[in-house]
Amino acid sequence: MSAQTHTADSVLSIDDTLAKFDPVMGLEVHVELNTNTKMFCGCATEFGADPNTQVCPICLGLPGALPVVNAMGVESAIRIGLALNCEIASWCRFARKNYFYPDMPKNFQTSQYDEPIAFEGYLDVDLDDGTTYRVEIERAHMEEDTGKSLHVGGSTGRIQGADYSLVDYNRAGIPLIEIVTKPLTGAGERAPEIARAYVSVLRDLLKALGVSDVRMEQGSMRCDANVSLRPKAGDGATSAEQLAVPLGTRTETKNVNSLRSVERAVRYEMTRHAAVLDAGGSITQETRHWHEDTGVTTAGRPKSDADDYRYFPEPDLVPAAPDAAWVEELRATLPEPPAERRKRLQADWGYSDLEMRDVINAGAIEAIEETIAAGASASAARKWWGGEIARRANKADVAITEMGVTPADIAELDGLVRDGRLNDAMARQVMEGVLNGEGSPTAVADARGLELVQDDGALEAAVDKVIAANTDMADKVRGGKVQAAGALIGQVMKEMKGQADAAKARELILARLLPS
Amino acid sequence: MSGLSRDDVAHVATLARIHLNDDELDTMAGQLDQIVEWVGQISEVAAADVPPMSHPLPLTNVTRPDEVRECLSAEEALSGAPASEEDRFAVPRILDED
Amino acid sequence: MTKTELCLLSAAQMANGLVAGDFTSVELTQAHLDRIADLNPALNAYLYVDDAGALATAREVDEARAAGQDLPRLAGVPVAVKDIACTVGMPTTAGSKMLEGWMPPYDATIVAKLKSAKMPILGKTNMDEFAMGSSTEHSAFGPTRNPWDLDRIPGGSGGGSSAAVGAYLAPLAIGSDTGGSIRQPAAVTGTVGTKPTYGGVSRYGVIALASSLDQIGPCARSVTDTALLHEVLGGHDEMDSTSLDAPVPAVVEASSTRDLTGMKIGVVKEISGEGFQPGVLARFEEARAKLVELGAEIVEVSCPHFTSAMAAYYLVLPSEASSNLARYDAMRYGLRVGPDGVESPSAEQVMAASRAAGFGDEVKRRIILGTYALSSGYYDAYYGQAQKVRTLIACDFEAAFEQVDVLISPTTPTTAFKLGEKLDDPLAMYLGDLATIPANLAGVPGMSIPVGVAEDNLPVGLQFLAPATQDQRLYAVGAALEAALTEQWGGPMLDQAAHLCLAQPFDKQEAGA
Ligand SMILES: [Mg+2]
Ligand SMILES: [Zn+2]
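Presented here is an overview of the structure given in this document. Only a predicted model underlies this, so the values are computations on that prediction, with no experimental measurement involved.

**Examining the overall build of chain B**
Across its full length, chain B holds three helices and three strands. Written out in order from the N terminus, the α and β elements of chain B read α-α-β-α-β-β. Its C-alpha atoms give chain B a radius of gyration of 22 Å, more than 25% over the compact-globule value 13 Å for 98 residues. Principal-axis analysis of the C-alpha atoms places the extent of chain B at approximately 50 × 45 × 25 Å. Here chain B has roughly 5,200 Å² of accessible surface; of this, 46% comes from carbon and sulfur atoms.

**What about a negative patch on the surface?**
On the surface, a cluster of negative charge is contributed by Asp 15, Asp 16, Asp 128, Asp 129 and Glu 189 of chain A. Structurally, Glu 189 of chain A can be placed in the loop between β10 (175–181) and α3 (191–209).

**Some details on the coordination of the magnesium ion (ligand 1)**
When a metal holds four donors in a tetrahedron, each ideal angle between them is 109.5 degrees; when it holds six in an octahedron, the ideal angles are 90 or 180 degrees. Donor atoms from the polypeptide that bind the magnesium ion (ligand 1) are Glu 143 of chain A (OE), Glu 143 of chain A (OE) and Glu 178 of chain A (OE), placed at 1.9 to 2.6 Å. In this pair, Glu 143 of chain A is assigned in strand β7 (residues 132–144) and Glu 178 of chain A in strand β10, connecting sequence segments 35 residues apart.

**Here's the deal with unusual backbone geometry**
All names here are of chain C. Of the consecutive residues Gly 156 and Ser 157, the connecting peptide bond is found in the cis state with omega at 5°. Take Ser 157: it is sitting in the loop between β3 (121–125) and α6 (159–166). In this structure, Ala 94 takes a positive phi of about 55° despite not being glycine. Within the secondary structure, Ala 94 is located in the loop between β2 (79–82) and α5 (109–116). Backbone geometry at Lys 118 places phi at a positive 60°, although glycine is not the residue there. Among the structural elements, Lys 118 can be located in the loop between α5 and β3. Relative accessible area serves as the criterion here: at 26%, Lys 118 is assigned to the partly exposed category.

**A short note on the sheet that holds strand β3 (residues 88–92) of chain B**
The four strands are arranged β8(A)-β9(A)-β3(B)-β2(B) in an open sheet whose pairing can be described as antiparallel. Looking at the sheet topology across the chains shown, the edges are occupied by β8 (148–152) of chain A together with β2 (84–85) of chain B. When β8 of chain A meets strand β9 (residues 164–168) of chain A, the two strands line up antiparallel, connected through five bridges. Each bridged residue has a counterpart across the sheet, and for Ser 149 of chain A the counterpart in β9 of chain A is Val 167 of chain A.

**Some words on helix α2 (residues 71–83) of chain A**
All names here are of chain A. For α2, with 13 residues, the first-to-last C-alpha span of 18 Å sits near the 18 Å given by 1.5 Å per residue. The element α2 is extensively covered by neighbouring structure, given that 10 of its 13 residues are classed as buried. Those residues of α2 not exposed but buried are Gly 73, Val 74, Ser 76, Ala 77, Ile 78, Arg 79, Ile 80, Gly 81, Leu 82 and Ala 83. The N-capping residue of α2, defined by a side-chain oxygen 2.9 Å from the backbone nitrogen of Met 72, is Asn 70. Once α2 finishes, Asn 85 follows within two positions and takes phi at roughly 60°, a positive value.

**With respect to the sheet that holds strand β14 (residues 296–302) of chain A**
Working definition: the strands of a sheet are paired by backbone hydrogen bonds and lie parallel or antiparallel to each other. Residue and element names in this part refer to chain A. If you trace the nine strands from one edge of the open sheet to the other, you get β3-β6-β7-β10-β1-β11-β12-β13-β14, paired in mixed fashion. Across the chains shown, the open sheet's two edge strands, defined by having one partner strand only, are β3 (87–88) and β14. When β3 meets strand β6 (residues 118–126), the two strands line up antiparallel, connected through two bridges. Counted as the bridge partner of Glu 87 is Phe 119 from β6.

**As for the side chain of Ser 162 of chain C**
All names here are of chain C. Mapped onto the elements of the fold, Ser 162 is located in helix α6. For Ser 162, a relative accessible area of 2% gives the class buried. A polar contact of 3.2 Å, which involves the side chain of Ser 162, links it to the backbone oxygen of Pro 154.

**Description of the interface of chain A and chain B**
Taken together, the 60 residues of chain A in the interface contact 35 residues of chain B. Summing the contributions of chain A and of chain B, the shared interface buries around 4,100 Å²; its carbon and sulfur component is 58%. Scanning the region where chain A abuts chain B turns up zero salt bridges. The interface formed by chain A and chain B holds 21 residue pairs in polar contact (both at pLDDT 80 or more) in total. Every element with two or more residues in the side of chain A that touches chain B is listed here: β2 (69–70), α2, β8, β9 and β14 of chain A. It is β9 of chain A that provides the largest number of residues to the side of chain A that touches chain B, a total of five residues.

**Focus: the pairing of β10 of chain A**
Residue and element names in this part refer to chain A. Extensive coverage of β10 is indicated by the burial of seven of its seven residues. Along β10, one buried face is formed by Pro 175, Ile 177, Ile 179 and Thr 181 and the opposite face, lined by Leu 176, Glu 178 and Val 180, is buried too. Relative to β10, strand β1 (residues 21–32) runs antiparallel, the two sharing five bridges. Residue pairing for β10: Glu 28 is matched across the bridge by Val 180. Bridge count for β7 against β10 is seven bridges, and the pairing is antiparallel. If you follow Glu 144 over to β10, its bridge partner there is Pro 175.

**A look at the state of the cysteines**
Here the structure, examined in full by the defined rule, presents zero disulfides over all chains. Free of any disulfide, Cys 223 of chain A has its nearest cysteine sulfur in Cys 86 of chain A, 17 Å distant.

**Focus on the coordination of the zinc ion (ligand 2)**
Residue and element names in this part refer to chain A. With distances of 2.3 Å, the protein atoms coordinating the zinc ion (ligand 2) are Cys 41 (SG), Cys 43 (SG), Cys 56 (SG) and Cys 59 (SG). Metal-centred angles of 100 to 116° between the four donor atoms at the zinc ion (ligand 2) mark the site as tetrahedral. In terms of primary sequence, the donors binding the zinc ion (ligand 2) are separated according to C-x1-C-x12-C-x2-C.

Criteria and cut-off values
Residues numbered from 1 in each chain as written. Chains lettered and ligands numbered in written order. Predicted model: local features only at pLDDT ≥ 70, side-chain atom pairs only at ≥ 80, totals over all residues. Heavy atoms only, no water. Helix = DSSP H or I, 4+ residues; strand = E, 2+ residues; numbered from the N terminus. Rg over C-alpha atoms; globule rule 2.2 N^0.38 Å. Areas by Shrake-Rupley, 256 points an atom, 1.4 Å probe, with all protein chains shown as cover. Patch = residues over 30% accessible without salt bridge, like charges linked within 9 Å, V, L, I, M, F, W, Y side chains within 5 Å. Salt bridge = Lys/Arg side-chain N within 4 Å of Asp/Glu carboxyl O. Lys, Arg positive; Asp, Glu negative; His and termini not counted. Charge placed at Lys NZ, Arg CZ, Asp CG, Glu CD. Donors = N, O, S within 2.8 Å, 3.2 Å for Na, K, Ca; no water. Buried < 20%, exposed > 50% of the residue type's maximum accessible area, 1.4 Å probe, protein only. Pairing = 2+ DSSP bridges. Expected span 1.5 Å × (residues − 1). Polar contact = N/O pair within 3.5 Å; in protein donor to acceptor, adjacent residues only side chain to side chain. Contact = heavy atoms within 4.5 Å. Buried area = accessible area lost by both parts, 1.4 Å probe. Disulfide = S-S within 2.5 Å. Tetrahedral: all angles 85-135°; square planar, octahedral: opposite > 155°, others 65-115°.

Below, the structure is given as structure tokens:
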């Protein structure tokens, strides 16, 4: 189905939605671990390999093949569970989730059912308004990813209307951790923001744990959003009264793959449900597909009897019984929680709240940290990473770390400025060169001949020349209009072809024109 | 335990992705009803507090190190495929994403 | 030595003869290939014969031996592999149309072990489709016939392996035993077969029926030969999570046992009486008396939950099988057919049509039964309950083995039945496995050895059961009883079959040799 043919469902305004209904969300996040090998076989997990070159009898589900658990998969699962403040099961099993689907080689997914490795946790999420919302975690369990289908024929390359599909099983069997929240209640108008903030905080946490690449755009982190509405308990109702209202029918919007989309999809589903309910209709329990381009969801498969997954304990695997001492060892390896870490860094670096938020949104925390460690000032590090580089990275839709500039480059550039070799304008030109791949900042400066002229004689001569040529301006300064010196400085810089220290030029001009 | 009806068999056959024609359904339903009744006797054997046994031997924590092993080549992987294209398995159109 | 004489040797004698230079592996292998060419059309024990591959290995062994290299004990001794194990270079079908002609891109661990033991692999043996059955009549490629009487079943699911061994078409063969598929065919063909302790032999690369019950094991004509193959197959495999990380029990050493003094043997009341054919019970009683003569003390023990074993088994097996066999969906390998009269069918329709066309009735029956037993609302009453019964059966074994070293029973309630006799009555067919199934549910090892013929001149098997990991006990009592019976009969069990269907081809072979 192409974007144009999506008939937009009617939606209620968000204000009307919230006036009449109370939203309840449930978020399921699937995270691909960054292990070297798959969950149950030794195949490599490189992203973007040629189709069906990272497969073996096990992950292809060939007759006779058997799984063996990747120890690192279990370790990462436990570390994730601990970071989410979960309890870790002392004994748990894998289970088979049975359903037929062409991209699932065995036609069952090896997963966990009633015995997840981690359960009963929470994650605190800071919101823009300064409040904190506690997301209760129901469980985090281990499972495996499916293959990937390419739909051929039809008009659009989408699944609907395709003539046939081509399947690549490289992704099949890559370890996944599925993190499931409890129903999130009491969010009210903040629901879409909470959804986004939760996924964002979770992403940072997983990144800090080093267990996943958490690249939503590559699908290594994927979010399914369950949304339902229930009627407001009435004006003045207590939160306990609201909580007592039974939950409405939910829809599950699948594979919402950016932070922005999470927020938009939740808001869309809330307003769509509201319109249906407000018109006296009822919500069908179904999966929905999110369309990034049009910002709407469309109906997928209805929930039905066919969702009988016939779970049973995986007989080809033995139970996992993580030793309590080992779990404590793993707990000791947990990094500082991202929220606390950010608070600490903000204080260390002296950034304002606004500056810190920009830096976070640019995904520049680590880069700035490394840049400062390499010798740059905190303000210079923020200026470069949060400014020009972030702008360009955003435009190119890549991570700032993929722009070809290293923290060491920035520190080197900042050093050149502080040593007085470059001024700001020259530094920007040097950065331009570094971004173009012309080499290190020093190499770029050398190649482009960028260097402040240190010869005072040349500068003094230029100052004299400019004063002589602009007598009316000079007189204004003499008369006390010091700001008029700016125009003279500009002239001097022009005369010097930019290669002068503007502060020094100002100093000289004022010394000439003002009585000391 | 109540018996297994023809409709039950038809439903389960759909879950199991096995097409059965009417004759097969009739025969299968008769045989399975008998078998289900016979295996159903088991419901009276074990008390609630008997732990279930999913593995014959009490092993735990069998894992392998996270080290890459040799994979099959795409050619080997696809050697048994009923149809393939561009080093991928070609499958009939898929009704809906799960 | 004539070709027939070569085939009539035991595996141990073959191994010794090869070392002594009495004959070459090429001669030995060729003798078997010729005999297969001659007899297999009547028996249908082999689905595929790999003349070239077997002879290549044989030649390699002969050359290595001529060059004075150290070789494994069974190097050059041919072996047959049940068509349930994946083999590079030979099709692997599991007896199903679904996998007709499928060439695996990898070897099962046990096949790799046979190859590193330098044993020429003669071919792949027939079996009930996906090992579901007790008669080999459920093979998509026609039934195997019992060498003792071509109108009778050779047992199942491993009827091909037992018939091949029993008709001297291979000295050794691989079987797989989920509920008796090694022991029951051994019993009805007068041969020997062992189901090792669960986890004792790797399952990697062996097409799964029911993962928590399946076990791979050796088939042969004597206890010693069985032990020799057991030793090749056994041991830890990191590719199988359920593989025991322990040395292979000393089965070869145990098979030289002749005296059973001090051994305590239990007769399991629940699987040794009612409903058993009189001739079967008569041979069982004689064997029991013989064991006493050998010094063993016999006591009767009760395993009360064994009577529920069949029902538990027919829930656990179909449940696990329904999931294990879901992968045969026409997408990645195997048969693909479209539904009749549907233009541009969906993947879902192609799956349903292919599974309908590729699976036989017994497979469909069990998949549907298993799917039902696992489906929501029924799990607790069926699968969950069956898993509890397994616990009770394991407890029965534990209690019994506190009193005795091994347990015995007849392997099967009857001798080989006629082809077609139980085909339309699945329940009757299932009941033939009542004595073998408890071992699979509990994971303990079991063995069947021949103890004579019944009133119908057909072989009777006796089953030994031992505690988990104590497989060597089976070989100790099995070897002692076998030696005593052989002495009593004046020759091995299979000699009593010589006047049956085997005689004629034997003569024909001689003439040609
Ligand atoms: Mg999942
Ligand atoms: Zn793999």
